[in-house]
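A closer look at the structure
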Amino acid sequence: MNMKIFDVYHKSSKSKARTGLLTLPHGTVKTPVFMPVGTCASVKAISKDDINEMGFEIILANTYHLYLRPGADLIQEAGGLHNFTQYKGNFLTDSGGFQVFSLSDLRKINPEGVKFQSHIDGSYHMFTPENIVETQVKFNSDIQMQLDVCTAYGAEKKQAQNDLKITSNWLLRAKKTWEEAREKGYQGILFPIVQGNFYEDLRKESAEFVSSLDFPGIAIGGLSVGESSDEFVHFLNHTMQYLPDEKPVYVMGIGTPEYILEAVEAGVDMFDCVLPTRNARNGSYFTHDGMLSIKQKRFERDFSPLDKECKCKVCRTYSRAYLRHLFKEQEILSSMLASYHNLYFLNNFIKEIRLAIEEDRFEEYKKAFLERFKKGQIV
C-alpha cells in the first residue's frame, strides 16, 4: 500500500513518547492529539467556532448515529461532513461497531455483518464491512474505521477468538471496498482495529495481522471497557510492542489525564473520549488540582476563578460562584461554559505534553502532573 501520512518529530530518550505530524485531506494534525467527540456531527454544547478557537485540528463523529439520522445520503448531498457542519478541519468517523455492541439486546452478529434494531424507532438495519466503508465515504471522512466486534470485558477465550476471527475477516472485506473508493477519488484513510480482548496471544495475533496489511495507521480497540487501570496499562503496552513504529497509533475511547499520559508513554499518538463534555454537563470540571464538582455548596460564595492557572475564557471571565449558580439553575450556558473549559484544559494539557516530549522531560512532566492532579478535590 505504501501510503505515508505520518512523520515522527521527536522521541523521548526514556520512553516511547513521541511527537509527530499527521497529514490528512483537511490539514495537518500535530500529535499526540486528543479528538473531541461530536457524536452526531456536533460536539455537544460547543460550536465549530469554539473548536477552531481552541485550536483542535480533528474531531470525531459517529457512524451509527449519523447513519440513522440524518442518513449518509443527506450528508453526501450536503457535500460531506465538512460542508454539512461547516467545520473545515479533519473528521475521524468510527465504524459504529462499539455502539452496536452496546445494544446487546437489539443486535445479532454473524460472519456477514451485524443486524440490529435502531434505538430511535426499532427499525431493523444491517451493517457490513462494505456498507460501513461506503457510508463513511459518503461522509467524506478523513479517517474512517473498519467495522469490528468489540468483545465484552470478562468474555471467555473462545468467544474472544471467534470475535477476533470475524473482525479480521471484516477488515479484509473493508480494505477491498476502501481501495475501490480510493480508485474513484476518495481521499480518506482507513484504520484497522486491533482486538483480542484481554488475552495476550490474541492481542499479539491481531496486532501482527493488521500490521502485515500495511495500512497508513492503526487503531487499538477493546480497551477501557471496564478493566482495571493496571490491566489497561498492561494490555496497551503488550499490544504496542507488535505495532510498527512508523505508523500513527490511535487508542479508542480514553480521555482522562491518567490514561492519556499512560498512552503517550506507551507511544500512542491519538485518543478520543466523550468524558470531557459528558462530565461538563454534570458539573464536573478538569483543574490542575483534580476534578472539581461545581455543584458543591462550598462554592456558593467563591468568587475566584475555576482554575487560576487556566487561560481559557471561562476561567478568565467567570467565578466558581456564578458557574455553580448556572448549574443549579440548569441553565444551558452551564453546559456550554463547562464543555468549553474541559476541552480547552485537555487541549492545553496535550500541548504541554508535546512540549515536554520535545524538551525530553515528558516522564518528569507526567510524574509532577499526576502527583498534583491525583490529590483530588480542590480544598
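Everything here concerns the structure above.
Quick summary incoming for the structure in this document.

Parameters and conventions
- Residues numbered from 1 in each chain as written.
- Predicted model: local features only at pLDDT ≥ 70, side-chain atom pairs only at ≥ 80, totals over all residues.
- Heavy atoms only, no water.
- Helix = DSSP H or I, 4+ residues; strand = E, 2+ residues; numbered from the N terminus.
- Contact = heavy atoms within 4.5 Å.
- Pairing = 2+ DSSP bridges.
- Axes fitted to C-alpha atoms, helices over the stretch in contact; angles between N-to-C directions.

**Looking at the environment of glycine 221**
Note on placement: glycine 221 falls in the loop between strand 13 (218–220) and helix 9 (229–240). With 162 residues separating them in the primary sequence, glycine 221 and isoleucine 59 have C-alpha atoms 18 Å apart. Those residues in contact with glycine 221 that sit more than four places away from it in its chain are Ile193, Val194, Gln195, Arg203 and Met252.

**Things to note about the sheet that holds strand 2 (residues 18–24)**
Read from one edge of the open sheet, three strands run 1-2-3, paired in antiparallel fashion. The open sheet terminates on both sides in strands that have one partner only, identified here as strand 1 (6–11) and strand 3 (27–31). Within this sheet the neighbouring strands show an average axis-to-axis angle of 15°, counted without direction. Across five bridges, strand 2 lies against strand 3 in antiparallel orientation. Residue pairing across strands places leucine 24 opposite glycine 27, the latter belonging to strand 3.

**Remarks on unusual backbone geometry**
Of all residues except glycine, most have a negative phi; of all peptide bonds, most are trans. The step from threonine 31 to proline 32 runs through a cis peptide bond, and the omega angle for that step is 0°. Structurally, the position occupied by proline 32 is in the loop between strand 3 and strand 4 (33–36). A cis amide bond links arginine 69 with the next residue in sequence, proline 70, at an omega value of 15°. One non-glycine residue with positive phi stands out, namely aspartate 214, at about 60°. Assignment of secondary structure puts aspartate 214 in the loop between helix 8 (200–212) and strand 13. A positive phi angle, near 55°, is found at aspartate 360, a position not held by glycine.

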